[in-house]
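Here are the chains, one letter per residue:
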Amino acid sequence: MNLRTNLSAPSILLVTTLLMSSCTFWHDTVSFGAAGKMPAAKTPVPKIEIDTNISITTLFGGFVKSNKPYDIQAYHMDGTSTFDSAEFTNVTVTYADGSLDPGLAALKLPMRSQHTIHESYNSMGEDGIVVTRSRIIQAEFPGVISRDEPFTLLLKGRFIKSNGSIIPFVIKEKYDPTRDKRTESWADFVSGC
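A brief look at the structure comes next. Bear in mind the structure is a predicted one, so any value in this text is a computation, not a measurement. Within any chain, residue numbers begin from 1 and follow the written order of that chain's sequence. Local features in this predicted model are restricted to residues of pLDDT 70 or higher, and side-chain atom pairs are both shown and tallied only at a pLDDT of 80 or more, whereas totals for entire chains, interfaces and linings draw on every residue. Just so you know, side-chain values use all the structure's heavy atoms and leave hydrogens and water out.

Looking at the nonpolar core
In globular proteins that are soluble, nonpolar side chains generally tend to be buried together. Keep this limit in mind: Among buried residues, the Ala, Val, Leu, Ile, Met, Phe, Trp, Tyr and Cys ones that are joined through side-chain atoms within 4.5 Å form a nonpolar core. Only protein chains enter the accessibility calculation, which uses a 1.4 Å probe; a residue is then buried when its area is under 20% of its type maximum, exposed when over 50%, and partly exposed in between. In this description a helix means any DSSP run of H or I spanning at least four residues, a strand means any run of E spanning at least two, and both kinds are numbered starting from the N terminus. What makes two residues a contact is simply this: any of their non-hydrogen atoms within 4.5 Å.
Counting 28 residues, the largest nonpolar core has Ile48, Ile72, Phe141, Ile145 and Phe151 as its most contacted members. Of all the elements in the fold, those that place two or more residues in this core are strand S1 (24-34), strand S2 (47-51), strand S5 (70-78), strand S6 (83-95), strand S8 (129-145), strand S9 (151-161) and strand S10 (166-185). Ranked by residues supplied to this core, first place goes to S6 with six residues. Apart from the residues within four sequence positions on either side, Ile72 is in contact with Ile48, Glu49, Ile50, Val93, Ala139, Glu140, Phe141, Val144, Ile145 and Leu153.

Describing the sheet that holds strand S3 (residues 55-56)
Where we set the bar: At least two DSSP bridges between two strands are required for those strands to pair.
Read across the sheet, 10 strands follow the order S2-S5-S8-S7-S6-S9-S10-S1-S4-S3 without closing on themselves; strand pairing throughout is mixed. Bordering the open sheet on either side are S2 and S3, each of which pairs with just one other strand. In this sheet, strand S4 (residues 62-65) lies alongside S3 in antiparallel orientation, the contact comprising two bridges. Counted as the bridge partner of Ser55 is Lys65 from S4.

Focus on the environment of Ser120
The residue Ser120 is located in strand S7 (residues 111-123) in this model. Of the residues examined, Ser120 reaches a relative accessible area of 33% and is grouped as partly exposed. Ignoring sequence-local partners within four residues, the contact set of Ser120 consists of Val130, Val131 and Thr132.

Concerning the pattern of salt bridges
Where we set the bar: Every case where a carboxyl oxygen of Asp or Glu lies within 4 Å of a side-chain nitrogen of Lys or Arg is listed as a salt bridge.
A full pass over the atoms with the stated rule returns 10 salt bridges. Across the pair Arg133 and Glu119 runs a salt bridge whose closest N-O atoms are separated by 2.9 Å. Placement of the pair is Arg133 in strand S8 and Glu119 in strand S7, with a sequence separation of 14 residues. Among the residues examined, Arg133 registers a relative accessible area of 53% and is labelled exposed. A residue is classified by how much of its surface remains accessible, and Glu119, at 32% relative accessible area, is partly exposed. Between Asp180 and Arg182 there is a salt bridge whose closest N-O contact spans 2.8 Å. Each of Asp28, Lys68, Asp148, Arg179 and Lys181 takes part in a single network of salt bridges with overlapping partners.

Below you can see the structure in the form of structure tokens.
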């Protein structure tokens, strides 16, 4: 006897949805947001992001968690295409109790980051696609935040323009942690992606 199963796309989708809806994600993550607003700078300064190294055990459920130590990423998008590089001379993470993060000892400063070309594409309807080129300067300071506590970041350095001129910058900003501990269904997790 020859049995043949004919599964249609809607039935596969239904079975997948039923199976996946029973999958659960348990979140235990932290994020850092700037506390207050940094005063407007008279010169360009890099933008700062804190990467808490979030990992997911599987896409079918499991743990979503932050992994210490965390990294600091700095970047500057130069629409004028005149910035050649950035040199970072001082990075300090100071906690509320006055202690410095031990991960700072591993940094090799000063650190110089060259620009790379960044292209963005914009569809202009019948006129076709417009390509805009700019320079981006990026730097990463890995493993310099080891505690889920408020801290003050002090970052000093300078931009070096293509013509050799130098523009110093200083960033001093306080960051506060926010913890996310929740349980989420697979459907909610996927809809948030």
